[in-house]
Amino acid sequence: MPWTRDEMAARAAKELHDGFYVNLGIGIPTLVANHIPEDMDVTLQSENGMLGMGPFPFEGEEDPDLINAGKQTITTLPRTSFFDSATSFAMIRGGHINIAILGAMEVAENGDIANWMIPGKLVKGMGGAMDLVAGVKRIVVVMDHCNKKGETKVLKACTLPLTGKGVVNRIITDLCVFDVVEGGLKVVELAPGVSMQDVKESTEATIVA
Amino acid sequence: MSKKVYNTAAEALEGLTFDGMTVMAGGFGLCGIPENLILALRESGVKDITAISNNAGVDDFGLGLLLQTRQIKKMISSYVGENKEFERQYLSGELELEFNPQGTLAERCRAGGAGIPGFYTKTGVGTLVAEGKEHRDFNGETYILETGLVADLSIVKAEKADTHGNLVFNKTARNFNPPMAMAGKVTVAEVEEIVPTGDLDPDEIHLPGIFVQRIVKGTFEKRIEQRTTRKREHY
């Protein structure tokens, strides 16, 4: 059985370590926050200018001045700090964030990632994604292995305009976990009941032993 | 009373607007946007604005209001996904658009305000953003040259000002406001409260008043884009 969205998020949470400063992207990566072990000290960064992001507020306690990068209302924690956008991206670009977990439309065997633009469709903008993939020490992508049409998103080369070149370290899909290594992608873990053959059939990228 | 304090947003913009001007507007989404000064800009009737702002508001709020009236010619932003009128004008070719990565946009403002005409960044290397830009290697890594931005006018929003323009922001409503305030040839700040000079603890001031030329007390709607909550029984 392939992993569900929530199981993918749980798997991605295993990438976190005690003391880490972490940026989570929108979509499945947001769910990773629900799987951080109680005894693990992890600080979430929100690129609009907050370190130490708390859970959603109780109804009636929403504060319009307190939102995350997805523009959702959130809360503070005892450790929280606020800062301006230039300082926020100094943290990101300056390599001070330990890991970013992001969604993607396509990834390639050389670590390229595309997740901001589909030519011919409306372009909404890259937001902070290009800064994150360029500046954060470790980039983990969490995404479905195939798109809604059943076409693989794990490619030899991205077809969509790139968000970053050669920046992805690890890819977690509903079928498996890949590491980006010399010469292609290496399968480091399979979802329960998924075979190497299943992965090969759903992957265009070169799989190395 | 300090000469920086104005009675209304319209008065605070008097003599500062002209057609074809560049305006920076602080805020992230609808959080910490200068609501009152955007309305005053609309009433001023100024045209052909190049607006530098992380987002473009929504159809009927924030910078979306200046799109409705076609007062904006060009936008420099990082993300504009929440605005239908923006989409219509952009697809019909009425509106020019320059996308900047969010951190690059923030740093371009900070640099502009700090007297730095250009800086090198890794962000965007190997992407459309890098096309036509100078590439240079430092310590074995490739960077691209981005330029500092300066605006004819910056409009920002803070929680509190003293009468000398020292500003204090609230939570994530700080966002682009400080770097944009630094990068305005003239900066006008709208605030929820103006306190006498001396009432703010000098150590608690987020933005020194040297970057702020005019201040006005506003009234705020503070619209929420994504109201997300949790149920009490969960905790």
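Residues numbered from 1 in each chain as written. Chains lettered and ligands numbered in written order. Predicted model: local features only at pLDDT ≥ 70, side-chain atom pairs only at ≥ 80, totals over all residues. Heavy atoms only, no water.

## Some points on the pairing of strand S8 (residues 141–147) of chain B
Residue and element names in this part refer to chain B. Judged from the 4 bridges that link them, strand S6 (residues 118–121) and S8 form a sheet pairing that is antiparallel. Bridge pairing links Gly118 to Thr147 in S8. One ladder, built from 4 bridges, connects strand S7 (residues 135–138) with S8; its direction is antiparallel. Along S8, the bridge assignment pairs Phe138 with Glu141. Hairpin geometry of S7 and S8 is characterised by an intervening segment of 2 residues between the two adjacent antiparallel strands and by a positive phi of about 50 degrees at Asn139. (Pairing = 2+ DSSP bridges. Helix = DSSP H or I, 4+ residues; strand = E, 2+ residues; numbered from the N terminus.)

## A word on the side chain of Glu106(A)
All names here are of chain A. Its place among the elements puts Glu106 in strand S6 (residues 106–108). The buried charged residue Glu106 lacks any salt bridge partner; its closest oppositely charged side chain belongs to Lys153, at an N-O distance of 9.2 Å. A polar contact is formed between the side chain of Glu106 and the side chain of Thr159, at a distance of 2.5 Å. The residues touching Glu106, leaving out its near neighbours within four places in the chain, are Asp112, Ile113, Ala114, Lys153, Leu155, Cys158, Thr159 and Leu160. (Buried < 20%, exposed > 50% of the residue type's maximum accessible area, 1.4 Å probe, protein only. Lys, Arg positive; Asp, Glu negative; His and termini not counted. Salt bridge = Lys/Arg side-chain N within 4 Å of Asp/Glu carboxyl O. Polar contact = N/O pair within 3.5 Å; in protein donor to acceptor, adjacent residues only side chain to side chain. Contact = heavy atoms within 4.5 Å.)

## Things to note about a nonpolar patch on the surface
Together, Leu122(A), Tyr90(B) and Leu91(B) line one region of the surface with nonpolar side chains, adding up to about 260 Å² of accessible area. Along the chain, Leu91(B) falls in helix H4 (residues 84–91). According to the relative accessible area criterion, Leu91(B) is exposed, its value standing at 59%. (Patch = residues over 30% accessible without salt bridge, like charges linked within 9 Å, V, L, I, M, F, W, Y side chains within 5 Å. Areas by Shrake-Rupley, 256 points an atom, 1.4 Å probe, with all protein chains shown as cover.)

## Focus: H4(B)
All names here are of chain B. When H4 is considered as a whole, its buried residues turn out to be Glu85, Phe86 and Gln89. End-on, the buried residues of H4 take up no more than an arc of 105 degrees, which puts them together on one face. The outward face of H4, more than 90 degrees from its buried face, is lined by the exposed residues Lys84 and Leu91. Among the structural elements, helix H3 (64–68), strand S4 (72–77) and strand S5 (96–99) are those in contact with the buried residues of H4. Directly after H4, the chain includes Gly93, whose backbone phi takes a positive value near 80 degrees. (Arc of directions from axis to C-beta.)

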